[in-house]
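Fold and contact review
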Amino acid sequence: MAVETLSPDWEFDRVDDGSQKIHAEVQLKNYGKFLEEYTSQLRRIEDALDDSIGDVWDFNLDPIALKLLPYEQSSLLELIKTENKVLNKVITVYAALCCEIKKLKYEAETKFYNGLLFYGEGATNASMVEGDCQIQMGRFISFLQELSCFVTRCYEVVMNVVHQLAALYISNKIAPKIIETTGVHFQTMYEHLGELLTVLLTLDEIIDNHITLKDHWTMYKRLLKSVHHNPSKFGIQEEKLKPFEKFLLKLEGQLLDGMIFQACIEQQFDSLNGGVSVSKNSTFAEEFAHSIRSIFANVEAKLGEPSEIDQRDKYVGICGLFVLHFQIFRTIDKKFYKSLLDICKKVPAITLTANIIWFPDSFLIQKIPAAAKLLDRKSLQAIKIHRDSFLQQKAQSLTKDVQSYYVFVSSWMMKMESILSKEQRMDKFAEDLTNRCNVFIQVVASYNISGNRFFVIKIFCNFAIEHMFYRRSMVVADSVSHITQHLQHQALHSISVAKKRVISDKKYSEQRLDVLSALVLAENTLNGPSTKQRRLIVSLALSVGTQMKTFKDEELFPLQVVMKKLDLISELRERVQTQCDCCFLYWHRAVFPIYLDDVYENAVDAARLHYMFSALRDCVPAMMHARHLESYEILLDCYDKEIMEILNEHLLDKLCKEIEKDLRLSVHTHLKLDDRNPFKVGMKDLALFFSLNPIRFFNRFIDIRAYVTHYLDKTFYNLTTVALHDWATYSEMRNLATQRYGLVMTEAHLPSQTLEQGLDVLEIMRNIHIFVSRYLYNLNNQIFIERTSNNKHLNTINIRHIANSIRTHGTGIMNTTVNFTYQFLKKKFYIFSQFMYDEHIKSRLIKDIRFFREIKDQNDHKYPFDRAEKFNRGIRKLGITPEGQSYLDQFRQLISQIGNAMGYVRMIRSGGLHCSSNAIRFVPDLEDIVNFEELVKEEGLAEETLKAARHLDSVLSDHTRNSAEGTEYFKMLVDVFAPEFRRPKNIHLRNFYIIVPPLTLNFVEHSISCKEKLNKKNKIGAAFTDDGFAMGVAYILKLLDQYREFDSLHWFQSVREKYLKEIRAVAKQQNVQSASQDEKLLQTMNLTQKRLDVYLQEFELLYFSLSSARIFFRADKTAAEENQEKKEKEEETKTSNGDLSDSAVSADPVVK
């Protein structure tokens, strides 16, 4: 057996160890993972192609679109083929003319109407510069030339149509007929001719209503006159101007004088060289009048009815045809003229295009004045009165109309949805198709009436209808093709019945042959796609084929209905698109802000904003035909900007403010600001705006949620930076915005203030002049204490407060503070100089200097205490302020304020060092900090990472430098003022050192009085420290380089000797008096000794403070010594640099 031949290995392998199963499971897992990824990828692609980004469908965004309109591949000559050559020619000529008219109409509606309507748009009067009007008209001339050529072509086509019809209907009985025309009515030809006349009439109306165009034309002509006087200035040859002027006159006469339509109907229709006779052709005149009446009969029944489709446009054409008939044949059917005017009662005005309204009564009266004379004034007046009453009636019934219209669209949508979602049953297929056909036609038929209704509702219904067709486009496409075939089958059945009837009649005649050929042509043409050309040929063929009673009356009407339905269904997509086109909104955009205000007030309708913006977008294709600007893009930009400004002003900004106000009031409910009871003041649910998807408009998406979020983020951030202590409030408002409105807010990430921040550095900096006068400085503890306060406590500012403040605002604030201090010192030094320059002061100081020089040898080089006291008393004699202060008191205060400012600078530097050392404490080794930029370069990381590393390096180096030494602000403030102080013109300041003794005396007296008040009940003016004075004196002495001069006075030694001497004298007296046992005298002596001790102690304290302050300004060196030291340092640097360069030079040859 085969098993026996197996190897022992195989026997071993047959043992199932489960490895195969595990392997299979792994593979299955991998395959499952692949499928999941692939599915999610497909879903992403589907989402990208889906219209879910916006709530409204946009044609332009569809990657694939379904076009239902069939396109004709064959030419007219190929389609019109029968054995009857003459009939072929007649039908071909008429079909070609109708196609030509359709093309001209399409060109006018897209290119010329829009080009004229949008002329002058896109530029407001404010933005227009002188000369812009002429430039716009200059660009527009080429367009007017194209329009002139177009109008000329229209004239030729009108002439040809009239000639071709006149040639067919000949009144001359002798002349041979082309075909038998008895009972043949080419109504389609007249309808097309009416359409072409409507185009010319519309062009007249647009230009007539366009004031801007006419104004610019006048300005352009004036400009041309200026050019004519001096052509060389404008770089134009004179011989070219004359033809150009003639050309402009031709354009003006043809287009701008309102004579486009008139010139067309006043053409010479009779051929001069014996060709076609028109005006004398009575048969043609009768046929013309008959056709107008037939078209009118069809139109009149439907005008103003709910089932109206395009009857208004046809009515305009009828009026044009009637005027043309009168112009050619000079006959008036008074009854028919009256019927035409009676329509004005039903339809007082007709919108031709955009915002151009046409009044038929005015047109008929103006163009046929002969007929107007036959009518009495009362009937003409009645038409105008009726127009006014019609407007009032419409205004009253507006709400009712809108509601009924809204209900109609909603019910139609429900009907459409239910019919299209049903499964088609084969046994009821025909019935199903008929139902679908009726539903499709119903919306097209009943939709046009809404032209004069409240068009905001129309916009919403437009897009509801359009959306319905879009969502059901596959079912609609399928149904349309079936419906078309079904209708074609019905029409073919009717025609085949008639054809059999004709064939069964054995009598031969040319007329019968024509009828048969026409029916065969109609039949052949219907066997194919339902294109525009085929339907036109069928219509013309049936005009011939319906004569001689080939169809019974009960057969003809259903055939006409079927053909009408076929027209509507074949062009369903295009008709829906045209009816739902909201381009008219551009001319009524004044409604937009009112609408936005209404949406804001009633937030329930917020979702409809999508429809409104989609409607506004419909204006764009028409605007692309504007020719008066450099590019239509400029016009689009202006439109875009205008709409966005209105949106911001009337909705977004109001929404932002309202949300912010609501959040503020909610957070501050404890303040009881307003009554916010929703039952009393009402309530708006603004959260509905934030559930909207982004709205697409031009090349942007308007996201209301993102806009409001950004506004709140920006506002909260900016306000927090201004008042950092409010950070908690704004944080609460952020949380509330997320909770109440679902807004995802961004954290500010601003350093929140600590409770240990005290008065903010920014506040002090801005008000440094107030700060230095209200706060007292303590040199040893580096602390500022408030002088007086209305509260029960005094504010203090120390290094920790300053460090926290610098951490909040950043180290940049330090330099700014020093700059502010510099500006403050400049003002104070100006007052200081004025005081020193005062004659009373200067003379006393000079006298004191002279006195000291004279007595210093006798007085052991010490400035006498009595002299300082005398100076103090002498100054008091000069005058005292209402507060009881002498000039010397005020001067002392000035120096104290200067000293306080310097103390504040010192504290800022200390705070900066404190802050930097706190920040740098996370760096392991300050001596060896790695260079992150170089590390990033080595790793070859991205440019952004490199920038970040560079930034980190600079921050670290700043902190290292700041924490190591800080900036020598004192040195800077000395260097900036010292040169000016030491200049010869400020020699009066050199007397300062001699005023210091009286100043110290004044300061000690003031200091003692302040300290004494501490123990009293009324503590106004109490203080225990004021080292600002010592700082100020030390700083000014340094600026004047007068430390040596002041030291030469040995003032504090003199004071100490004086007080010690008095203390010893008092002690001696005490010893003497203690023996006599006079207690009162002993008490007095004790008080005297205490007072002397206090004075001595105060002077000692001042001496220590002054000595400490002098250390900051390097009191051990004079200005000359400092300059010498600076020069020596510079020379050392130069020599060391020189050594380096020498060593580099000597090293070069070795390297080589």
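Residues numbered from 1 in each chain as written. Predicted model: local features only at pLDDT ≥ 70, side-chain atom pairs only at ≥ 80, totals over all residues. Heavy atoms only, no water.

Per an unreviewed UniProt entry, the protein chain is named WASH complex subunit 4, and its organism is Macaca mulatta.

Taken N-terminus to C-terminus, the directions of helix α43 (residues 1028-1040) and helix α46 (residues 1079-1112) make an angle of 50 degrees; their axes are 8 Å apart at the nearest point. It follows from the interaxial angle that α43 and α46 lie oblique. Along this stretch, α43 crosses α46, giving a crossing that reads as right-handed. Facing Phe1029, Ala1030, Met1031, Val1033 and Ala1034 of α43, the residues of α46 in contact are Leu1102, Ser1105, Leu1106, Ala1109, Arg1110 and Phe1112. Looking at the contact of α43 with α46 residue by residue, the classes come out as 9 nonpolar, 1 polar and 1 charged. (Axes fitted to C-alpha atoms, helices over the stretch in contact; angles between N-to-C directions. Helix = DSSP H or I, 4+ residues; strand = E, 2+ residues; numbered from the N terminus. Parallel < 35°, antiparallel > 145°, perpendicular 65-115°, else oblique. Left-handed = near helix turned anticlockwise from the far one by under 90°. Contact = heavy atoms within 4.5 Å. Nonpolar A, V, L, I, M, F, W, Y, C, P; charged D, E, K, R; others polar.)

Attention shifts here to the packing of aromatic side chains. Enumeration over the complete set of coordinates arrives at 58 aromatic pairs. Taking 4.7 Å as the distance between ring centres and 35 degrees as the angle between the ring planes, the aromatic pair formed by Phe112 and Phe150 counts as tilted. On the criterion of sequence distance, the pair formed by Phe112 in helix α4 (residues 85-117) and Phe150 in helix α5 (residues 132-168) is long-range, its members being 38 residues apart. Residue Phe112 is classed as buried on the basis of its relative accessible area, which comes to 1%. Classification of Phe150 as buried rests on a relative accessible area of 4%. Note on Phe1052 and Tyr1103: the rings are 5.1 Å apart at their centroids and 50 degrees apart in plane angle, and the pair reads as tilted. Of this pair, Phe1052 sits in helix α45 (residues 1051-1076) while Tyr1103 is found in helix α46, placing the two residues 51 residues apart along the sequence. Owing to a relative accessible area of 8%, Phe1052 belongs among the buried residues under this scheme. By relative accessible area, which is 34% here, Tyr1103 ends up partly exposed. Put simply, the rings of Tyr822, Phe829, Phe832, Phe835, Phe891, Phe970, Phe977, Phe981, Phe992, Tyr1035, Phe1112 and Phe1113 touch in pairs and so form one group of aromatic residues. When the ring centre of Tyr586 is taken as reference, the NZ or CZ atom of Arg589 above it lies at 4.1 Å. (Phe/Tyr/Trp six-rings, centres within 6.5 Å; stacked < 30°, edge-to-face > 60°. Buried < 20%, exposed > 50% of the residue type's maximum accessible area, 1.4 Å probe, protein only. Lys NZ or Arg CZ within 6 Å of the ring centre and 35° of its normal.)

Below, the discussion takes up the pairing of strand β5 (residues 775-778). Side chains of β5 alternate between two faces, with Tyr775 and Tyr777 and Leu776 and Asn778 buried alike. Relative to strand β6 (residues 783-786), β5 runs antiparallel, the two being bridged by 4 bridges. Bridge pairing in β6 links Tyr777 to Phe784. Hairpin connection of β5 to β6: 4 residues between the antiparallel strands, including Gln782 at a positive phi of 50 degrees. (Pairing = 2+ DSSP bridges.)

Moving on, we get to helix α38 (residues 887-920). Look at α38: 49 Å from first C-alpha to last across 34 residues, which is about the 50 Å you get at 1.5 Å a residue. Burial analysis of α38 places 25 of its 34 residues in the buried class, which makes it a mostly covered element. (Expected span 1.5 Å × (residues − 1).)

Right, let's talk about the pairing of strand β1 (residues 350-353) for a bit. Consecutive side chains along a regular strand alternate between the two faces of the sheet. By the bridge criterion, 3 bridges tie β1 to strand β2 (residues 356-358) in an arrangement that is antiparallel. Within β2, the residue paired with Thr353 across the bridge is Ile356.

This part covers the environment of Asn872. Checked against the element boundaries, Asn872 lands in helix α37 (residues 865-878). Each C-alpha atom, one on Asn872 and one on Tyr887, is 9.7 Å from the other, the two residues being 15 residues apart in sequence.

Right, let's get into the pattern of salt bridges. Counting across every chain of the model gives 42 salt bridges. Ionic pairing is found between Glu100 and Arg153, a salt bridge with its closest N-O pair at 2.7 Å. Of this pair, Glu100 sits in helix α4 while Arg153 sits in helix α5, and the two are 53 residues apart along the sequence. Take Glu100: its relative accessible area is 22%, and that puts it in the partly exposed class. The class of Arg153 is partly exposed, set by a relative accessible area of 38%. For Glu156, the salt bridge identified is with Arg153, shortest N-O distance 3.3 Å. Highlighted residues: Glu156 and Arg153, both in helix α5, separated by 3 residues, approximately one helical turn. The exposure class assigned to Glu156 is partly exposed, which follows from its relative accessible area of 43%. One network of salt bridges, in which partners are shared, links Arg535, Asp567, Glu571 and Arg575. (Salt bridge = Lys/Arg side-chain N within 4 Å of Asp/Glu carboxyl O.)

The residue Gln782 is not glycine, and still its phi comes out positive at about 50 degrees. A residue is classified by how much of its surface remains accessible, and Gln782, at 9% relative accessible area, is buried. A positive phi angle, near 45 degrees, is found at His1050, a position not held by glycine. Mapped onto the fold, His1050 is located in the loop between α44 (1043-1047) and α45.

As summarised here, the arrangement of the 3 strands in space is β5-β6-β7, forming an open sheet in which the pairing is antiparallel. Looking at strand neighbours, the two that pair on one side only are β5 and β7 (796-798), the edges of this open sheet. Taken over all neighbouring pairs, the strand axes of this sheet differ in orientation by 20 degrees on average, direction set aside. Of the pairings in the sheet, the one linking β6 to β7 comprises 3 bridges and is antiparallel in character. In the sheet register, Phe784 faces β7, and the bridge partner there is Ile797.

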